[in-house]
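Chain by chain, the residues:
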Amino acid sequence: MSAKSHPQMAPPPPPPKPNKTGAANTTTPYETYAANGNGTYTANGNGNGNGSASGSRSGSISSLTDNQGSLQRHSQNVNGRSTCHTPPRTDREQVVMTPKGKTANSTVILIERKLVDEINERVHVAGGDHTGIIINKDTVSGQKSESVPAQLSLEFRVFLVSANTGKHSQESRTLRFWFRQWLRSDEKQAQIAQDFFKELVSPKDFPRDYVGFIKKIMKLLQRGYDEIQSLEIELRILEETAEPPSRPLSLEESQIESPPLTPEKVLELIEQAYPNPITPEDLAKDYGWEEQDVLLVFMSLKERGLIKSMEYNSYTRIHHEDKEIKVVKQMPTIASNKQPTIAIITAQYCEKLAVDAMLENKETFVRYTTVGESNVYTLGNIGAHRIVSTKLPSVGSTREAMTATGNTTTRLLGTFQKVDYVFVVGVAGGVPHYTDFKKHVRLGDVVISYVDKQRALLSKNEKPYVYIYKSGEDVKTYFPINDSLQQIAEGLQANMEVKRPWDTYQREGLASLMQKTESDFNRPSVNTDKLFMNIGNNEVIEVAHPIAMDSVDGVPRSRLHLGPIGSGRDLVRSDNSRMDFAKKYGLLATDVEMSSVLDSIIGNCRESFILVKGISDYKDGMSTRKWQNYASLAAAAVVKSIICGMDAPTNV
């Protein structure tokens, strides 16, 4: 984007020197706060965001320029792009901060770009590293913010602790954006605001006190983001609390110690291994538990009818349709007209249950083995199509897991050789957008693997892809030769405001599952959809979601998103690495590693495949179980919608 040209003008006169008299009476003092070190921050972002920081809030407005060497120069590169989308207008334009008003519990400050000749005499002019920043000493009303509504806003909720009283207070910090008149694209405004927000709360130099917060905003505007005309900052004390809120553990912290031994954890591990049996000895060894304690948990789960014993002291999950499951050494011969033409691959137990709830005339076969991988196949119908669904015995980045998933996929496609279409279905982590609702992927939404056509056009050297896998410096991309499934998905998304068949399929599937299983596939409370952002030092801020335009009774409708999905061995451990990876390749979701599954699909000459992922967290779909059931069912319902849009098979 290029800036508008400006006529050549004579150098401006030097800005007026500040009037020192009476300055102490016109500045606004603030109480001093000390950092609490708790590490919990709250932020709301929605076109209205929320961020928070504990730290010190001290000094006066004029103190922002007292120590002119205290700010480090910011990098001229933000997230891979220049901090300035367009060249700065001219050196006649300065960044000016004006106090707009103060009450007992709130302060409003306006930071804007102004031409030198528009600046009055009662100012404090910064020099040195802060040249170009000017502080108005008088409170001024009648500004743009009073006549023109903000085009976008973000709210941070900050928790501070008083050095004097030790009490904690919750402070709201709202940023309201106005953009240049020549920038009219809502999408570009939202992207610029998101980039600005991300750099403002970057873990590299997160502003941990009030003065640093204001300083950083002014320096960001001085050094870039020329599209932003002005920012209004409202600081408002909301309440005093005895203690700051607790924060979620980072992935690094959660992995320091072994998980506690609970029936829920053991059942989760048994379900992950299904259909492979698992022994108490293996779990005790893997997780550092006492084998006798693990065995007691196994016995309690068996008494509850959740697991059953197998040979060699092993156990497996009891499926809710267990009496109908046929245990076989080899798959029986299937008549040609009943051969499946569509395969659905899942990785988690709840994903398999959700997919099977979409099938009619089901028949399940389990092939148990003590050597290699056991296999589970469910045959059934969706409309005119014969389906086979399976569950991978284990997933992850270990060599054993990747080998097992690849072998299971190869065995599936070798056993059912009339399969032409492969769906990889389940849960994944969403890639959020803090300011643009249309691009924001949140819990309960469904992401369908789809080539980013705009990126493909912009990068002629880069092949289109629907899935990307990164291991170290190696990157592998995947794209089906036949993209007919993606085309059907494109039609579903284009009409989702008026026609949503997956809602019906999801309700029907939920009714079926509620009758047959103790697992809860209902939508969790919207209050449990928390969006956190890492600010370094194992500290996070909570950011509110962009406001949904189509919520029903305050609950946003789940949405379909089309775009690339990805994974990588090291990405789940680092929020920053994952977000950088997602931005670089335009990813909308990240999942546990499916590269070995896709390698097997391509290696077995299947030309049409698609990934359909329900969003259950903001990492890889595996960090919390709360949304997994609902997200699995949402994805399965979308799969049924795609299959119902396919032509009837002709190769049976």
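Residues numbered from 1 in each chain as written. Predicted model: local features only at pLDDT ≥ 70, side-chain atom pairs only at ≥ 80, totals over all residues. Heavy atoms only, no water.

### Overview of the overall build of the chain
In terms of regular secondary structure, the chain is built from 16 helices and 31 strands. In the chain, which comprises 652 residues, the proportion classed as buried is 54%. Taking contacts inside the chain between residues at least 6 apart in sequence as the whole, the part at least 24 apart equals 76%. For the chain, the computed accessible surface area is about 29,000 Å², with 48% contributed by carbon and sulfur atoms. (Helix = DSSP H or I, 4+ residues; strand = E, 2+ residues; numbered from the N terminus. Buried < 20%, exposed > 50% of the residue type's maximum accessible area, 1.4 Å probe, protein only. Contact = heavy atoms within 4.5 Å. Areas by Shrake-Rupley, 256 points an atom, 1.4 Å probe, with all protein chains shown as cover.)

### Details of the pairing of strand 23 (residues 474-478)
The pairing of strand 22 (residues 467-471) with strand 23 spans five bridges and is antiparallel. Its bridge partner being in strand 23, serine 471 is matched across the sheet by aspartate 474. Turn length for the strand 22-strand 23 hairpin, with the two strands adjacent in sequence and antiparallel, is two residues, and the turn residue glycine 472 shows positive phi of about 65 degrees. (Pairing = 2+ DSSP bridges.)

### Structural notes on the packing of helix 13 (residues 501-516) against helix 16 (residues 628-644)
In the contact formed by helix 13 and helix 16, the axes pass within 8 Å of each other and the chain directions differ by 125 degrees. When the axis of helix 13 is compared with that of helix 16, the two are oblique. For the crossing formed where helix 13 meets helix 16, the hand is right-handed. Listed contacts from helix 16 to Pro501, Trp502, Tyr505, Gln506, Glu508, Gly509, Leu510 and Leu513 of helix 13 are Tyr630, Leu633, Ala634, Ala637, Val638, Lys640, Ser641 and Cys644. Residues that form the contact of helix 13 with helix 16 fall into these classes: 11 nonpolar, three polar and two charged. (Axes fitted to C-alpha atoms, helices over the stretch in contact; angles between N-to-C directions. Parallel < 35°, antiparallel > 145°, perpendicular 65-115°, else oblique. Left-handed = near helix turned anticlockwise from the far one by under 90°. Nonpolar A, V, L, I, M, F, W, Y, C, P; charged D, E, K, R; others polar.)

### Some remarks on unusual backbone geometry
Most peptide bonds adopt trans geometry, and most residues besides glycine take a negative phi value. Looking along the chain, the bond that leaves tyrosine 274 and enters proline 275 is cis, with omega of 10 degrees. Looking at the element boundaries, proline 275 is found in the loop between helix 6 (263-273) and helix 7 (280-287). Positive phi is not limited to glycine here, since asparagine 313 has a value of about 60 degrees. You can see asparagine 313 is positioned in the loop between strand 13 (307-309) and strand 14 (315-317).

### Structural notes on the nonpolar core
One finds Ile111, Leu175, Phe177, Phe196 and Ile217 to be the most contacted residues of the largest nonpolar core, which totals 79 residues. Counting residues per element, this core draws most heavily on helix 4 (residues 210-223), at eight residues. Beyond its immediate sequence surroundings of up to four residues, leucine 175 is in contact with Leu152, Ser153, Leu154, Phe156, Leu200, Phe213, Ile217, Leu231, Glu232 and Ile233. Core analysis: the next-biggest nonpolar cluster, separate from the first, contains 44 residues, Leu353, Val446, Leu513 and Phe521 among them. (Core = buried A, V, L, I, M, F, W, Y, C linked by side-chain atoms within 4.5 Å.)

### Some remarks on the side chain of threonine 408
Along the chain, threonine 408 falls in helix 10 (residues 399-415). Classification of threonine 408 by relative accessible area gives buried; the value is 2%. With residues near it in sequence (within four places) discarded, threonine 408 still touches Glu373, Asn375, Lys391, Leu392 and Pro393.

### Examining the pattern of salt bridges
Within the structure shown, the criterion is met by 19 salt bridges. Close ionic contact of glutamate 234 with arginine 176 constitutes a salt bridge, the shortest N to O distance being 2.6 Å. Taken together, the residues span a long stretch of sequence, with glutamate 234 in strand 12 (residues 228-241) and arginine 176 in strand 11 (residues 168-179) at a distance of 58 residues. Taking relative accessible area as the criterion, glutamate 234 reaches 16% and is therefore assigned buried. Notably, a salt bridge pairs aspartate 529 with arginine 442, separated by 2.9 Å at the nearest N-O pair. Here aspartate 529 is found in the loop between helix 13 and strand 24 (532-536), whereas its partner arginine 442 is found in the loop between strand 20 (421-430) and strand 21 (446-449), with 87 residues between them in sequence. When its relative accessible area of 5% is taken as the criterion, aspartate 529 is described as buried. If you follow the salt bridges from partner to partner, you end up with Lys100, Arg176, Glu232, Glu234 and Arg236 in one network. (Salt bridge = Lys/Arg side-chain N within 4 Å of Asp/Glu carboxyl O.)

### Let's talk about the packing of aromatic side chains
The relative placement of two aromatic rings is captured by the distance of their centres and the angle of their planes. All chains considered together, the criterion is met by 12 aromatic pairs. Here the aromatic rings of phenylalanine 298 and tyrosine 315 are separated by 5.0 Å at their centres, their planes lie at 70 degrees, and the arrangement is edge-to-face. Of this pair, phenylalanine 298 sits in helix 8 (residues 291-303) while tyrosine 315 sits in strand 14, and the two are 17 residues apart along the sequence. Note on accessibility: phenylalanine 298 and tyrosine 315 belong to one class, buried. An aromatic cluster of three or more residues is present, and its members are Phe177, Phe179, Phe196 and Tyr225. Here arginine 173 stacks its cationic end above the ring of phenylalanine 213, 4.8 Å away from the centre of that ring. (Phe/Tyr/Trp six-rings, centres within 6.5 Å; stacked < 30°, edge-to-face > 60°. Lys NZ or Arg CZ within 6 Å of the ring centre and 35° of its normal.)

### Notes on the side chain of lysine 391
In this fold, lysine 391 is placed in strand 19 (residues 385-391). Buried lysine 391, no salt bridge; nearest opposite-charge side chain is glutamate 351, N-O distance 7.8 Å. Side-chain polar atoms of lysine 391 contact the backbone oxygen of glutamate 271, separated by 3.5 Å. Engagement of the side chain of lysine 391 in a polar contact is seen with the backbone oxygen of tyrosine 274, the distance being 2.5 Å. (Lys, Arg positive; Asp, Glu negative; His and termini not counted. Polar contact = N/O pair within 3.5 Å; in protein donor to acceptor, adjacent residues only side chain to side chain.)

### Brief notes about the environment of tyrosine 469
Considering the arrangement of structural elements, one finds tyrosine 469 in strand 22. Tyrosine 469 gets classed as buried once you look at its relative accessible area, which sits at 6%. Along the sequence, tyrosine 469 and threonine 590 sit 121 residues apart, while their C-alpha atoms lie 9.6 Å from each other. Apart from the residues lying within four places of it in its own chain, the contact partners of tyrosine 469 are Met402, Asp474, Val475, Lys476, Tyr478, Ser567, Gly568, Arg569, Glu593 and Ser595.

### With respect to a negative patch on the surface
Together, Glu281, Asp282, Asp286 and Glu291 line one region of the surface with negative charge. Tallying contributions element by element places helix 7 first for the negative patch, with three residues. Turning to its location among the elements, glutamate 291 is positioned in helix 8. Classification of glutamate 291 as partly exposed rests on a relative accessible area of 41%. (Patch = residues over 30% accessible without salt bridge, like charges linked within 9 Å, V, L, I, M, F, W, Y side chains within 5 Å. Charge placed at Lys NZ, Arg CZ, Asp CG, Glu CD.)

### Overview of helix 12 (residues 484-494)
All of the buried residues along helix 12 are Leu485, Gln486, Ala489 and Leu492. For helix 12, the buried positions fall inside an angular range of 115 degrees around the axis, keeping them on one side. In this fold, the buried residues of helix 12 make contact with strand 20, strand 21, helix 13, strand 28 (560-563), strand 31 (608-617) and helix 16. (Arc of directions from axis to C-beta.)

### Considering helix 14 (residues 575-585)
Listed in full, the buried residues belonging to helix 14 are Arg578, Phe581, Ala582 and Tyr585. Along the axis of helix 14, the buried residues cluster in a sector spanning 100 degrees; they form a single face. Just beyond helix 14, the residue with positive phi is glycine 586, at close to 70 degrees.

### Description of the pairing of strand 28
Along strand 28, one buried face is formed by Leu560 and Leu562 and the opposite face, lined by His561 and Gly563, is buried too. Summarising the sheet, strand 21 and strand 28 pair through four bridges and their orientation is parallel. Along strand 28, the bridge assignment pairs valine 446 with leucine 560.

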